[in-house]
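# Examination of the molecular architecture
Listed below are the residues making up each chain.
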Amino acid sequence: MRTPIDRPRRLRRSVAMRALVSEVHLRVDDLVAPLFVREGIDEPQPIESLPGVMQHTRESLRTEVAELKALGVKAVILFGVPAEKDAVGSGAYDPDGIVQVALRDLVADHGDEIVLMADLCVDEYTDHGHCGVVHDDGTGRMVVDNDATLEIYAKAAIAQADAGAHVVAPSGMMDGQVAVIREALDEAGHHDVAILAYAAKYASALYGPFRDAVDVTIADGGDRKGYQQDHRNAREAIREVELDIAEGADMVMIKPALAYLDVISDVAARVDVPVAAYHVSGEYAMIHAAGERGWIDTDAVALEHLTAIKRAGANIILTYFTRWFAEHANR
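Residues numbered from 1 in each chain as written. Predicted model: local features only at pLDDT ≥ 70, side-chain atom pairs only at ≥ 80, totals over all residues. Heavy atoms only, no water.

## Digging into the packing of helix α5 (residues 146–163) against helix α6 (residues 177–187)
Here is the rule: Axis geometry follows a simple rule: fit a line to the C-alpha atoms, using only the stretch in contact for helices, then measure angles between N-to-C directions, giving values from 0 to 180 degrees. Runs of E in the DSSP output that reach at least two residues are strands. Runs of H or I that reach at least four are helices, and both are numbered from the N terminus. Small angles under 35 degrees read as roughly parallel and large ones over 145 as roughly antiparallel, with 65 to 115 read as roughly perpendicular and the rest as oblique. The crossing is said to be left-handed when, going from far helix to near helix, the turn is anticlockwise and less than a right angle, and right-handed when the turn is clockwise. We call two residues contacting when some pair of their heavy atoms lies within 4.5 Å. For this classification, the nonpolar set comprises Ala, Val, Leu, Ile, Met, Phe, Trp, Tyr, Cys and Pro, the charged set comprises Asp, Glu, Lys and Arg, and every other residue, Gly included, is treated as polar.
As a packed pair, α5 and α6 sit with axes 9 Å apart at the nearest point and diverge in direction by 45 degrees. Looking at the two axes, α5 sits oblique to α6. The handedness of the crossing between α5 and α6 is right-handed. Facing α5, whose interface residues are Leu150, Tyr153, Ala154, Ala157, Ile158 and Ala161, α6 presents Gln177, Val180, Ile181, Ala184 and Leu185. Looking at the contact of α5 with α6 residue by residue, the classes come out as 10 nonpolar, 1 polar and no charged.

Rendered as C-alpha cells:
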C-alpha cells in the first residue's frame, strides 16, 4: 500500500539526491571574513578566545586577504586595534589610523576585486570602551552623547571612504547614524560607497571574545544596554531596520545571529534590501570549545549554524568560519 509518508524518504536516499532537492544552498559568496589589524606589532598575534583568528600586522593582513581571495571569498570587513586610545576614539577618523592605512594597502593589492568593508565605530579606539563620546548625565553616571558621537561617525566614514572602503558599516546603534553618514559621504563625493547598517544589534553576552580581539574593556564595569537593543524585543528590531533603510542604508544587519533567527526571518520577509547577519565571536568560540572537548563535531555544527542563518533569510553572513568554509566545506 502506497502512502504519502514514503515520498520524503525517497528524496533523502543519497548524498546526490539530498543535494539536488535541498532548499538552501550555502556558498562561499555568501560569507564575509571579519579580520583584525593591529598597530605596532611585528608578528600576527593569536587571539586565545577565538581559535584560529589573529590580530594581523599590515603585511600579514595583506597575505590573509590575498589567500582568502584565491579561495573564492568575495568580501572582508576590517576592525582596527590602535596603539593608543583616547576619549573620542580619534584613531577611527585619523587618515593614518590603522584601518585607513590597511584599506589603502588592500586597495593597492586588489582594487575592486574583493569587497572591502570597514566597521565604523569607536569602541576599539576609545579609552572607556563605549561606542561614542561619553559625558556625565548629572548623576555621576557616564552615558553616550548620541549627537556628539554622530559627528565623529561622519568623520570616520569619510576617512574610510577616502582610504578606499567600498562599504562602511556603522555598528554603534546611535540614533540617526545612517542619515548623518550618508550625507557626509555624499558631500565628500563618495556617492558609490555603500552603507551596511548594524540595524538590529543586541546588547548580547556573546561578544566577549571579540572584545578580547580588539582589547576593549568598558570602563567602570558598564554596559551598552542604553543604546543597543534589548534581547527580549523583536518588534523593536523591525522599527530600527525600517528607520535605517529610510535614512539610506543599502544593506541591514542583525547581530548576533543564532539567538535571533526569528528577527532575521522577520526582517528578510519585510525589506527589499540585502539582509546580513553576524555569526559572532561567542557563537564561534562555543563551537570550538565544545569541539575541543569532543562533545560535538566542530565542522558539522559550524555548517549547521551557517546554513540555519541562511535558511532564516540572511543573504550575507559575517563569520569567523569563512576561511574554514572556503577551504573545506565548500569543496
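## Considering unusual backbone geometry
Formally: Only protein chains enter the accessibility calculation, which uses a 1.4 Å probe; a residue is then buried when its area is under 20% of its type maximum, exposed when over 50%, and partly exposed in between.
A cis geometry characterises the amide bond from Lys255 onward to Pro256, with omega recorded as -10 degrees. A positive phi angle is found at Met173, which is not glycine, with a value near 60 degrees. Taking relative accessible area as the criterion, Met173 reaches 6% and is therefore assigned buried.

## Section: the pairing of strand β10 (residues 251–255)
What counts, and what does not: Paired strands are those between which DSSP finds at least two bridges.
Counting buried positions over the 5 residues of β10 gives 5, a clear majority of the element. Covered by surrounding structure in β10 are Met251, Met253 and Lys255 together with Val252 and Ile254, the residues of both alternating faces. Bridge analysis of strand β9 (residues 194–201) against β10 gives 5 bridges, and the strand direction is parallel. Note that in β10 the partner of Leu196 across the bridge is Met251. Here 3 bridges tie β10 to strand β11 (residues 275–279), and the two strands are oriented parallel to one another.

## Let's talk about the packing of helix α8 (residues 235–247) against helix α9 (residues 261–270)
The relative placement of two packed helices comes down to the angle between their axes together with the axis-to-axis distance. Axis separation between α8 and α9 bottoms out at 10 Å; the angle between their running directions is 40 degrees. As far as their axial angle goes, α9 and α8 are oblique. For the crossing formed where α8 meets α9, the hand is right-handed. Together, Ala237, Ile238, Val241 and Glu242 of α8 and Val263, Asp266, Val267 and Arg270 of α9 make up the contact between the two elements.

## A closer look at the nonpolar core
To be explicit about the condition: Put simply, a nonpolar core is a bunch of buried Ala, Val, Leu, Ile, Met, Phe, Trp, Tyr and Cys residues held in one set by side-chain atoms that sit within 4.5 Å of each other.
Phe36, Val76, Leu78, Tyr153, Val267 and Tyr278 are the most contacted members of the largest nonpolar core, which has 106 residues in total. Among all residues touching Tyr153, those that are not within four sequence positions of it are Leu120, Cys121, Val122, Cys131, Gly172, Met174, Gln177 and Ile181.

## Remarks on the packing of aromatic side chains
The condition that has to hold: Classification of ring pairs uses Phe, Tyr and Trp, with its six-membered ring standing for Trp, and accepts pairs whose centres are within 6.5 Å; under 30 degrees between planes counts as stacked, over 60 as edge-to-face, and the remaining range as tilted. Charge-over-ring contacts are defined here by two conditions on Lys NZ or Arg CZ: a distance within 6 Å of the ring centre and an angle within 35 degrees of the ring normal.
The final tally for this structure, using the stated rule, is 8 aromatic pairs. Between Tyr202 and Tyr260 the ring centres are 4.1 Å apart and the planes differ by 20 degrees, which places this aromatic pair in the stacked class. In this pair, Tyr202 is assigned in the loop between β9 and α7 (208–213) and Tyr260 in the loop between β10 and α9, connecting sequence segments 58 residues apart. Tyr260 shares its class with Tyr202; the two are buried. Pairing Tyr284 with Phe321 gives two aromatic rings, centres 4.6 Å apart and planes at 55 degrees, and the pair type is tilted. In this pair, Tyr284 sits in helix α10 (residues 281–292) while Phe321 sits in the loop between β12 (316–319) and α12 (322–329), placing the two residues 37 residues apart along the sequence. Comparing Tyr284 with Phe321, the two get one shared label, buried. Taken together, the ring pairs connect Phe36, Phe79, Tyr278, Tyr284, Tyr320, Phe321, Trp324 and Phe325 into an aromatic cluster. The positively charged end of Arg293 is found above the aromatic ring belonging to Trp295, 5.8 Å away from the centroid.

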